[in-house]
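The chain contents come next:
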Amino acid sequence: MATDIKDITHAVEAAAVMRLLPARPRLLALGEPTHGEDTLLDLRNELFRQFVEQEGYRTIAIESDCVMGLVVDDYVTSGTGTLDEVMEHGFSHGFGASAANRELVRWMRAYNDGRPAPERVRFAGFDGPLEITGAASPRQALTALHGYLSARVDSDLLPCTAELLDHLLGADDRWTNPAAMMDPAQSVGQSAEASQLRLLADDLVALLDHQTPHLITATSRDDWDRARLYGRTATGLLRYHYRMADTSPARMTRLCALRDLMMADNLLAVAARGPALIHAHNSHLQREKSTMQLWEGQVDWWSAGALVSARLGEEYAFVATALGTIRHQGVDTPPPDTVEGLLYALPEDRCVIDASRLATALDDMRPAPRLSPWFGYAPLDPTHLADSDGIVFVKDVPQR
């Protein structure tokens, strides 16, 4: 068995990943089984550099707030702001504190310096402005979309004034009330004002769409793309807040599904711009349904990767990352009868494995699922092997 696995392992290089794929993907998704480990992000950075320099990829998209990500993109493409400001205001989920994310942004800015626009690398966040525990006010996205349109189309076409939007939105802390996650009655998502905002957001997005020929000519495709992002975000947030006020048993399933739907829509927009490397948790990128154990039981939903894969086919590829140990989090040597345990016995500290051939090699063995003592780490599901295009295995993740 060890010999069979050794025969399907390769160095962790962009070229080795590409050789595993049937076609050059428009979106190459690299998953991670845990957040916050710079060892894994350093590896992502090196692969991204190789994909840029060797394969012509021009965008990296990560699991961070899509609106905040515009701050990063402005900096790496045109030098707007400072690196410190970008790390503070351009990332959600605490990702701005990561030294590896800082190095990624620094490298992208240096790479772009002096290059013409078509050759520059771009940054995107593809998560919505939300977490499992709450969601942002739709104010920023809605007012930015309204402002873009009001400056460029006849005022008679606008469905409302900026003043009406401001009145309906009210105070932002009404939307961000943390008690709303556990108590739907605390959410404003099904109030009369929120219902009117959903209709107005839909009208603004429709106006943006049917004025596309004029808007692209009057401004630029990049500006139009940004306005579309504001539209997706506003409508997505209003849907999410509506479901936060839901009292049905399907509430959390719907919320998880809506988050990944927002991710998928953002990824499809990134794909329209050209080949991109995508980085997020394995559970958001896999082709199988995702599952999570919450206070009200297990929920399952189609991940962003599953949704995008269904749309793009072979133009979407998914490479999962697996690991052996995170000893500083209590994740020790994996049992030998698990996928991670078999890979841990290999001599390499890190390698790329052909997932489909590994699934075939392990078919008779039926490896056991690994159990994690730490909630922040999700082991590979051995039944998902055949649905991945490859696996990046990292033997040990040291404390940094």
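So, a few notes on the structure that sits alongside this text. (Residues numbered from 1 in each chain as written. Predicted model: local features only at pLDDT ≥ 70, side-chain atom pairs only at ≥ 80, totals over all residues. Heavy atoms only, no water.)

Structural notes on the nonpolar core
What counts, and what does not: Within this scheme, the nonpolar core is defined by two criteria: the residues are buried Ala, Val, Leu, Ile, Met, Phe, Trp, Tyr or Cys, and they are joined through side-chain atoms within 4.5 Å. The buried label goes to any residue with under 20% of its type's maximum accessible area, the exposed label to any with over 50%, and the partly exposed label to all in between, with areas taken from a 1.4 Å probe on protein chains only. Whether two residues are in contact is decided by their heavy atoms, any of which lying within 4.5 Å being enough.
The biggest cluster of nonpolar side chains holds 44 residues, and the ones touching the most others in it are L28, F48, V105, M108 and F123. With residues up to four places along the chain from it excluded, the contact list for F123 reads I60, I62, G69, V72, D73, V76, F91, L104, M108 and R273.

Describing the sheet that holds strand β3 (residues 59-65)
To keep it simple, the criterion reads: A strand pair is defined by DSSP finding two or more bridges across the two strands. Secondary structure elements are defined from DSSP: runs of H or I of at least 4 residues count as helices, runs of E of at least 2 residues count as strands, and each element is numbered from the N terminus. Note on definitions: angles span 0 to 180 degrees between N-to-C directions of axes, and those axes are lines fitted to C-alpha atoms, for helices only across the stretch in contact.
Taken in spatial order, the 8 strands make up an open sheet running β1-β11-β12-β10-β2-β7-β3-β4, and their pairing is mixed. Here the strands that pair on one side only, and so sit at the sheet edges, are β1 (9-10) and β4 (122-127). For strand β2 (residues 27-32) and strand β7 (residues 276-281), the ladder comprises 6 bridges, and the chain directions are parallel. Across the sheet, the residue bridging to L30 is H279, located in β7. Contacts from helix α3 (residues 38-55) reach β2, β3, β7, β10 (316-325), β11 (350-353) and β12 (390-396), with the element oriented near 165° to β2. Where helix α13 (residues 251-273) meets the sheet, it contacts β2, β3, β4 and β7, and its direction lies at approximately 160° from that of β4.

Some details on helix α8 (residues 162-169)
Just so we agree on the cut-off: Arc definition: it is the arc formed by the directions from the helix axis to the C-beta atoms.
Every buried residue of α8 is accounted for by L165, L168 and L169. Angularly, the buried residues of α8 cover 100° about the axis, an arc narrow enough to put them on a single face. Pointing more than 90 degrees away from the buried face of α8 are the exposed residues E163 and H167. At its buried positions, α8 is contacted by α7 (139-150), α9 (172-175) and α10 (192-210). Phi for G170, located one or two positions after α8, is positive at around 65°.

Comments concerning the pattern of salt bridges
Test applied: A carboxyl oxygen of Asp or Glu within 4 Å of a side-chain nitrogen of Lys or Arg is what we treat as a salt bridge.
Following the criterion strictly, the structure yields 18 salt bridges and no others. E315 serves as the salt-bridge partner of R26, at 3.7 Å between the closest nitrogen and oxygen. On the criterion of sequence distance, the pair formed by R26 in the loop between α2 (14-19) and β2 and E315 in the loop between α15 (304-312) and β10 is long-range, its members being 289 residues apart. Note that R122 is salt-bridged to D222, the shortest N-O span being 3.8 Å. Highlighted residues: R122 in strand β4 and D222 in helix α12 (residues 221-244), separated in sequence by 100 residues. Overall, R122 belongs to the buried group, its relative accessible area being 17%. Classification of D222 as partly exposed rests on a relative accessible area of 42%. One connected set of salt bridges, linked through shared partners, spans E63, D127 and R259.

Overview of the side chain of R370
The following threshold applies: Neither His nor the chain termini are counted; the positive set is Lys and Arg, and the negative set is Asp and Glu. N or O atoms within 3.5 Å of each other form a polar contact, as long as, within protein, one can give a hydrogen and the other can take it, and as long as residues adjacent in sequence are counted only when both atoms are side-chain atoms.
Mapped onto the elements of the fold, R370 is located in the loop between α17 (355-361) and β12. Buried within the structure, R370 lacks any salt-bridge partner; its nearest side chain of opposite charge belongs to E340, at an N-O separation of 4.7 Å. A distance of 2.9 Å separates the side chain of R370 from the side chain of Y377, its partner in a polar contact. Look past the residues within four positions of R370 in its chain and what remains in contact with it is L323, G324, V331, D332, T333, P334, P335, T338, E340, Y377 and P379.

What about the packing of aromatic side chains?
What counts is decided by this rule: Each pair of aromatic rings taken from Phe, Tyr and Trp, with Trp reduced to its six-membered ring, is defined by centres within 6.5 Å and is described as stacked if the planes are under 30 degrees apart, edge-to-face if over 60, and tilted in the remaining cases.
All chains considered together, the criterion is met by 5 aromatic pairs. Between F48 and W107, the ring centres sit 6.0 Å apart and the planes meet at 80°, which makes this aromatic pair edge-to-face. Of this pair, F48 sits in helix α3 while W107 sits in helix α6 (residues 99-112), and the two are 59 residues apart along the sequence. Of the two residues examined, F48 and W107, each falls in the buried class. Each residue in the set F48, W107 and Y111 is aromatic and connected to the rest through ring pairs, giving one cluster.

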